[in-house]
Amino acid sequence: MLTVSVLWTLLILLATVAVTPVLDRLLGRAACWVLAGLYLVAAGALLPASAAVLTGAEGSSSTEFSVPWAPQWGVDFALRADGIGIVFAMIALVIGAVVLAYSARYLERGRQLSFSLVMALFTLSMVGLVLADDLVLLFICWELTSIASFLLIARSKAAGEAASMRTLLITFLGGLALLTAVSLMTVRLGTTSLQEVLAAEIWTEDPAFATLVGVLVAIAACTKSAQFPFHVWLPDAMAAATPVSAYLHAAAVVKAGIFLLLRFSPAFHDVVAWNVLLIVAGLITAYVGGFFALQQRDLKKLMAYSTVSQLGLIVTVIGVGTEAAILAAVLHTIAHALFKSGLFMMVGVIDHAVHTRELRRMPSLARAMPGSFVVTLLGCMSMAGLPPMLGFASKEALLTGALDHDGAGWLVAIGIAGASVLTFAYCAKIVLGAFVDGRDEAALARIDGTAPRDGVDATGAIVHGADAHRPERLLLWPAALPILAGLPLALVVGVLDTPVARAIDAALGSEHHPHLALWHGVTPELGLTAVIIVLGVLFALGRRRLLPPLEARPFPVDGARVLTALDRLAERLARLLVRPLASDDPMRHLGAILVVFALVVLGALATLAGGLAPMAEGVNRPVDVVILVLVAVAVLVLCTRRDRLGATVSLSAIGILATLQILALGAPDVALTQLLVESLTIIIIMLVLQRLPLRFSAPQQPRRRGALVVAALVGLAAGAGMFLFMGRRGRSEVAERYIADAEEITGGHNIVNVILVEFRALDTLGELSVLGMAGVAIVAVISSLRHRYIDPSETSDPQVDQHPALRGPGTSAHRAISSAWGNSAALQLMVRVTAPLLAIISAVLFMRGHNAPGGGFIAALVGAAIVALLYLSTSSDRQIGPPRAPLFLIGGGVAVALGAGFLGYAEGGFLEPLHGHLLGMHVSTSMIFDAGVYLAVLGLVMIAVNLLGVGPSTGSTPPGEGTRERTDEAVEGELPGPLETTRGEPAPSRRRVGVGTSHLDSGTSPKEVGRR
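Read on for a plain summary of the structure. Note that the structure is a prediction, hence the values are computed from the model and not measured. (Residues numbered from 1 in each chain as written. Predicted model: local features only at pLDDT ≥ 70, side-chain atom pairs only at ≥ 80, totals over all residues. Heavy atoms only, no water.)

1. Regarding unusual backbone geometry
Trans is the common state for peptide bonds, and a negative phi is the common state for residues other than glycine.
Then step 1. Look at the link from F228 to P229: it is a cis peptide, with omega at 5°.
Then step 2. By the element assignment, P229 lies in the loop between helix 10 (207-224) and helix 11 (233-236).
Then step 3. In this structure, the amide linkage connecting P387 to the following residue, P388, adopts the cis form with an omega of 5°.
Then step 4. The residue P388 is located in the loop between helix 18 (370-384) and helix 19 (390-403) in this model.
Then step 5. A positive phi angle is found at H355, which is not glycine, with a value near 60°.
Then step 6. By the element assignment, H355 lies in the loop between helix 17 (323-354) and helix 18.
Then step 7. Classification of H355 as exposed rests on a relative accessible area of 64%.
Then step 8. With a phi close to 65°, L911 is a non-glycine residue in the positive phi region.
Then step 9. In this structure, L911 sits in the loop between helix 39 (885-903) and strand 3 (915-918). (Helix = DSSP H or I, 4+ residues; strand = E, 2+ residues; numbered from the N terminus. Buried < 20%, exposed > 50% of the residue type's maximum accessible area, 1.4 Å probe, protein only.)

Here it is in structure tokens:
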């Protein structure tokens, strides 16, 4: 039961994500109350596991749940609740519940789906991260927290657009570092189990490997916990709503970096690079954050930089790595989550009351908002480390942990003490600036020329709350709760002994028994605290002289500006790199690629030619020479023909010769596919030729010579490569396994087909999806084309005169086309006989594909031949089948293939085939998969024939025809076509456009010319 407790927590959070849209629709912002309750239910579900961990029940310090997830790669969906996981999971759930309760009054009335849904998704990811016991699961949850954080910032519209992108960039850089570390650990240790990785001996046996992985993990953690120089994203993220800042940027997402450091401390706490990197980065961050916090006039930005500073202190003691230091890190993490989430929410309370967060514009709020004043004062006391708040106990622990460093203890402690003076100073700025000093009327008058506001006396104090109103209780109390909790917890801080001890055990891999207390007597830490308080008080007393110069001289280098400058620099470099290829001429792109390919291959061949294995016997046969000569002749004819029809016939000859070569090699499946594809391709090409001039335009001489050189190089390289490498080795191990085991595993004799629909079915499914998208793209592209009729008398372009579809009736070309369409009667008679035969052949090929040449793809090509014949036999252009049928065939084919894949779960996995016998015949679910292939291929060919097999649209009809101006606007399901009128015939006002028709199917086609 205890092990399932961990799973129940995640299941409840998953259910929360699922029901959030419904709750938001029904309750609006009040749905946050329900979500807060669900968070507490999830925390309650974790209590049995927590109790087992804290009490050491069942002889273990953790509870675990694990099921195979990707067993072929050794990846499990593994969860583990230990001391570290329990502490961070409870922070995420309890603080999350409080923030959601606060959001129910802070957010505007109405639906807030983009907030509540992403918040629920973030909490699920965060809890999954801290409870993960598998490296893959940990990494996935880590990235999900980054994505959720990005979405919550981006929902602030224009204010959050740039900030969210910078946040995503920095956190994803950390994700790449973590991915590299996870990959190295998995490959080197051969496991993804987090417990096994942390307990491995390699961390002490291979210092170089430990240093490399430790630095990568530290970089990943520093990006998420906003450590210098990655700290810039956190102040940027203040564009998000205040509840987002209170939860993600005070208690959750920034704590993900702290969690990662604590989680990997058992492996790296003795690695020197790890210690030095964290101590240095942490201290620099603490000072940078504190200094920038003092410069801020916006309360929310001040809170953001103060968070950066406090996180730097936690990272510093984690770098020390001793028991006392880890204790300080865990205790200050708890204290920081409480006081900082509450202070962020209090910023929202103040903003609601006075409608500004700028300290210079705030009146003195102490008398108007006494409750808010007391709560904010207590929160800042805790952050400044003043007794009797929990922050005092944690700040003392930070100093103790620093002094515990072997060698540089006093240096680290003095560094923390100096950063703590800055903490005291910005805490004083928050309390005194917002609640005591009042509005700086003189400064505002200098800035924007405003006069003193009504309701403010000469000292800037509020006159009976003229500028502020007391916040409603449902807004104030959730904000106050985390801060007020710090007072009793400090007085009975010993209740945290066990949770903190279990977290230390998990972080250091051994058992510890710390003792927490608010008072430890007269100690060096107490002396440092006294110095901090004295210096902080002096700063507070002199704030009116010290703060204005700091605020007036912002630091010249801003992180957001640096990122923007780097982005612009990268853009300029990219433009320089693409400038050589910045052309619409395909030869410039393709020529460069082909020349590089040829040079690399020829260079490799020159180097390796002497060491190649001899060619196997029987590879070269006389028939190969004959086919080679014929193909070479066909290629030469193709390259020298100036008319498109002759080039198409030459291209068809090459395809037929390739089919003969494949048959000679003994591959009937591939040969049949090649023959059918070649036949349909030529038909499609001929349809396209209706819109093209009869002859190619004459290329420029330099261009032609360049093309010949490139062609010669590539042909030489490809030919030499094929000659030197083909036939010089036996079958691969995979090929031998297919030959030996395919029939026994699948029950099919046709190895080619069973490879496609069983062994590599996922590959085939991907190709099928691409094929479907190609069909949709054909519809989108061709339906958007516009053609116009060109009168040869209006142009001197000789290409126009060569294009029969662009010439009016009465010409010789027109008469030739007219007589050609008389063959349609014979074709119609032939189709009546061949169509049923082709349908039977298609069905036979489909059914026998598992055991003999055939299968869904080949059968579909035969079925598609029926479509082509039906089109060719018509006397006028018309679509084959209902207008939307091709799209339904493609979509249905992909859906059928996916359905066959899901059936495989009955056997254990996606696309796993199920085999059996029906009426004495061996059948498999791969036949269903093949049926999906059949439908999709048939739909694609129907789209090509219906859209390409029409004449060009005419903006003006040929001479002698009635015309009407064509418009580009379309009614839903309809498109206005060129409205033709023939002698005495009224023109239809609109024509219905489906898959088989388009803008192209209007106007006069060659068939219509012939019919007339």
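2. Some details on the packing of helix 2 (residues 31-45) against helix 5 (residues 113-131)
When two helices pack together, their arrangement is given by the angle between their axes and by how far apart the axes lie.
Then step 1. Running from amino to carboxyl end, helix 2 crosses helix 5 at an angle of 10°, the nearest separation of the two axes being 11 Å. Taken as axis vectors, helix 2 and helix 5 run roughly parallel relative to one another. Touching C32, L35 and Y39 of helix 2 are F115, S116, M119, A120 and T123, all from helix 5.
Then step 2. A per-class count over the contact of helix 2 with helix 5 returns 6 nonpolar, 2 polar and no charged. (Axes fitted to C-alpha atoms, helices over the stretch in contact; angles between N-to-C directions. Parallel < 35°, antiparallel > 145°, perpendicular 65-115°, else oblique. Contact = heavy atoms within 4.5 Å. Nonpolar A, V, L, I, M, F, W, Y, C, P; charged D, E, K, R; others polar.)

3. Quick look at a nonpolar patch on the surface
Then step 1. Judged by side-chain polarity, V22, L26, L27, W33, V34 and L474 come together as a nonpolar surface patch covering roughly 530 Å² of accessible area.
Then step 2. Element by element, the count of residues in the nonpolar patch is highest for helix 1 (residues 2-27), at 3 residues.
Then step 3. When you line up the elements, V34 lands in helix 2. (Patch = residues over 30% accessible without salt bridge, like charges linked within 9 Å, V, L, I, M, F, W, Y side chains within 5 Å. Areas by Shrake-Rupley, 256 points an atom, 1.4 Å probe, with all protein chains shown as cover. Salt bridge = Lys/Arg side-chain N within 4 Å of Asp/Glu carboxyl O.)

4. What to know about the pattern of salt bridges
Then step 1. Per the counting criterion, the structure on display carries 15 salt bridges.
Then step 2. The salt bridge involving R760 is made with D763; its shortest N-O contact spans 2.7 Å.
Then step 3. On the accessibility criterion, D763 (39% relative accessible area) is partly exposed.
Then step 4. Sharing partners across several salt bridges, the network here consists of E64, R80, D82 and R263.

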